[in-house]
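Read off the chains here:
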Amino acid sequence: MEKKMTYSNVSGKKCESGTDVYSLIRSAEIRHYYRKENVCNNWEKKTILIQHASISVRQKAAMLKQLSGTGTVEENRLTEEMCFIYRWYLDMIYHPLVRTLFVMEIGELWWDKGRIDDKVGFDSVHESLDEVTAHMEKIYEDCEDKEKCYAYVTVLHVPQEEKVKEVFKFYLFWIDGKWEVRNFYVNEKDLKQQGISDDAIEFFNYTGGMQYHPLPFENGCRLKFRLPFMDEPVYGTLESELDGNGCWYHFLYFDEVDGVDCGSVSLTNAEINLTSGYSSLDWIERA
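Residues numbered from 1 in each chain as written. Predicted model: local features only at pLDDT ≥ 70, side-chain atom pairs only at ≥ 80, totals over all residues. Heavy atoms only, no water.

1. Thoughts on the overall build of the protein
Check the secondary structure of the protein and you find seven helices and twelve strands. When the 287 residues of the protein are sorted by exposure, 51% land in the buried category. Long-range pairs, those at least 24 residues apart, make up 58% of the contacts in the protein with a sequence separation of at least 6. For the protein, the exposed surface amounts to about 14,300 Å²; the carbon and sulfur share of it is 46%. (Helix = DSSP H or I, 4+ residues; strand = E, 2+ residues; numbered from the N terminus. Buried < 20%, exposed > 50% of the residue type's maximum accessible area, 1.4 Å probe, protein only. Contact = heavy atoms within 4.5 Å. Areas by Shrake-Rupley, 256 points an atom, 1.4 Å probe, with all protein chains shown as cover.)

Laid out in structure tokens, this is it:
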């Protein structure tokens, strides 16, 4: 069985000119091409790449902070507000000020002829993130492929004299050899009460197209596709098209398996369209 690309293949390094966002791209050929062509040549593209990288939210927050002061006045304001969002939710996870409960659902992912199957169910309730991660370590202690497993966690505040309140949700994935929070599902109403602007909230939640990014593969190229939880890669043919506005559209059409049409996946946006959380720049390479 060939070696997979894993979360631990990537490090958030910093180069002399600032944040090396290209180090976040897992596909070697795409990473080299993006560096050579300086594809992420503005604040927005760099921010989107960080937001959708397969790293922990703590790493995202640290890299985003390194972009502070590198954009326009408006871009710097958005950076500061998004950094606040990260800090606010990270503090609620790691340093809660009120009694907090973490309601866990355990899930597993697998690939089935062109589609992702997902099995998830309620598991347990805990009083800290340390308890959550310890529980994951215990139940998956003997699992050889932890990247197939995840926890979907609902965070509840239980103040003494008020009603229980659902605050936000997050995913816990196996990243860099440990269980890490990968992304937040935030409460927009709460953020607005904290003074966060509508445009900052929208950009924080943005899953758009990296302005329809280019890829270093020619139209009709044969590609290998492998998400972290897949036992073996699948193969397909890339179809790319550049429209009159300079926007790229990419679709990978998978090979048939046992006579079954396995469909396609869009690589046009920052995340692939099969599931959330996986960057369209990480899991493909030339066949």
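2. Quick look at the pairing of strand 10 (residues 248–254)
Pairing of strand 9 (residues 234–242) with strand 10, which is carried by seven bridges, proceeds in the antiparallel orientation. Bridge pairing links Leu238 to Leu252 in strand 10. In sequence, strand 9 turns back onto strand 10 through a hairpin of five residues, with Gly246 there showing a positive phi of about 80°. Of the pairings in the sheet, the one linking strand 10 to strand 11 (residues 264–266) comprises three bridges and is antiparallel in character. In the strand pairing of strand 11, Tyr253 is matched with Ser264. (Pairing = 2+ DSSP bridges.)

3. Things to note about the sheet that holds strand 6 (residues 165–175)
Taken in spatial order, the five strands line up as 4-3-5-6-7 in an open sheet, and their pairing is antiparallel. Looking along the sheet, the strands with just one partner apiece sit at the ends: strand 4 (115–126) and strand 7 (178–185). Pairs of neighbouring strands in the sheet enclose a mean axial angle of 30°, with direction left out of account. In this structure, strand 3 (residues 100–112) lies alongside strand 4, joined through eleven bridges in antiparallel fashion. By the bridge assignment, Trp110 is partnered in strand 4 with Asp117. On the sheet, helix 4 (residues 73–94) packs against strand 3, strand 5 (149–157), strand 6 and strand 7 and is oriented at approximately 130° with respect to strand 7. (Axes fitted to C-alpha atoms, helices over the stretch in contact; angles between N-to-C directions.)

4. Some points on the pattern of salt bridges
This structure, assessed with the given rule, holds 16 salt bridges. A salt bridge links Arg77 to Glu81, with the shortest nitrogen-to-oxygen separation between them at 2.6 Å. Of the two residues, Arg77 and Glu81 are both situated in helix 4; the distance of four residues between them amounts to about one turn of the helix. A relative accessible area of 13% places Glu81 in the buried class. Ionic contacts of the salt-bridge type, sharing partners, join the residues Glu74, Arg77, Glu81 and Asp199 into one network. (Salt bridge = Lys/Arg side-chain N within 4 Å of Asp/Glu carboxyl O.)

5. Some remarks on the packing of aromatic side chains
Under the definition given, this model contains 25 aromatic pairs. Arranged with centres 6.5 Å apart and planes meeting at 75°, the rings of Tyr22 and Tyr34 form a pair that is edge-to-face. Residue Tyr22 is located in the loop between strand 2 (18–19) and helix 1 (28–37), and its partner Tyr34 is located in helix 1; the two are separated by twelve residues in the primary sequence. With a relative accessible area of 9%, Tyr22 lands in the buried category. (Phe/Tyr/Trp six-rings, centres within 6.5 Å; stacked < 30°, edge-to-face > 60°.)

6. What to know about the packing of helix 2 (residues 43–51) against helix 3 (residues 57–66)
As a packed pair, helix 2 and helix 3 sit with axes 9 Å apart at the nearest point and diverge in direction by 165°. Here helix 2 is positioned roughly antiparallel relative to helix 3, judged by the angle of their axes. With respect to the hand of their crossing, helix 2 and helix 3 are arranged in right-handed fashion. Within the contact between the two elements, helix 2 uses Thr47, Ile50 and Gln51 and helix 3 uses Lys60, Met63 and Leu64. Taken together, the residues of the contact of helix 2 with helix 3 sort by class into three nonpolar, two polar and one charged. (Parallel < 35°, antiparallel > 145°, perpendicular 65-115°, else oblique. Left-handed = near helix turned anticlockwise from the far one by under 90°. Nonpolar A, V, L, I, M, F, W, Y, C, P; charged D, E, K, R; others polar.)

7. Considerations on the sheet that holds strand 8 (residues 222–225)
An order of 11-10-9-8-12 is seen for the five strands of this open sheet, with the pairing classed as antiparallel. Each edge of the sheet is formed by a strand with only one pairing partner; in this case those strands are strand 11 and strand 12 (284–286). Neighbouring strand axes in the sheet, compared pairwise and without regard to direction, differ in orientation by 35° on average.

8. Focus on the environment of Ile85
If you trace the backbone, Ile85 turns up in helix 4. Once the C-alpha coordinates of Ile85 and Leu191 are considered, the two residues, 106 residues apart in sequence, prove to be 7.6 Å apart. Leave out the neighbours within four places in its chain, and Ile85 touches Val186, Leu191, Ile196 and Phe204.

9. With respect to the pairing of strand 7
Summarising burial for strand 7: six of the eight residues are buried, a large majority. Here strand 6 runs beside strand 7; their pairing, made up of seven bridges, is antiparallel. Across the sheet, residue Phe170 finds its bridge partner in strand 7, namely Phe184. Between the antiparallel neighbours strand 6 and strand 7 lie two residues, among them Asp176 with a positive phi of about 55°.

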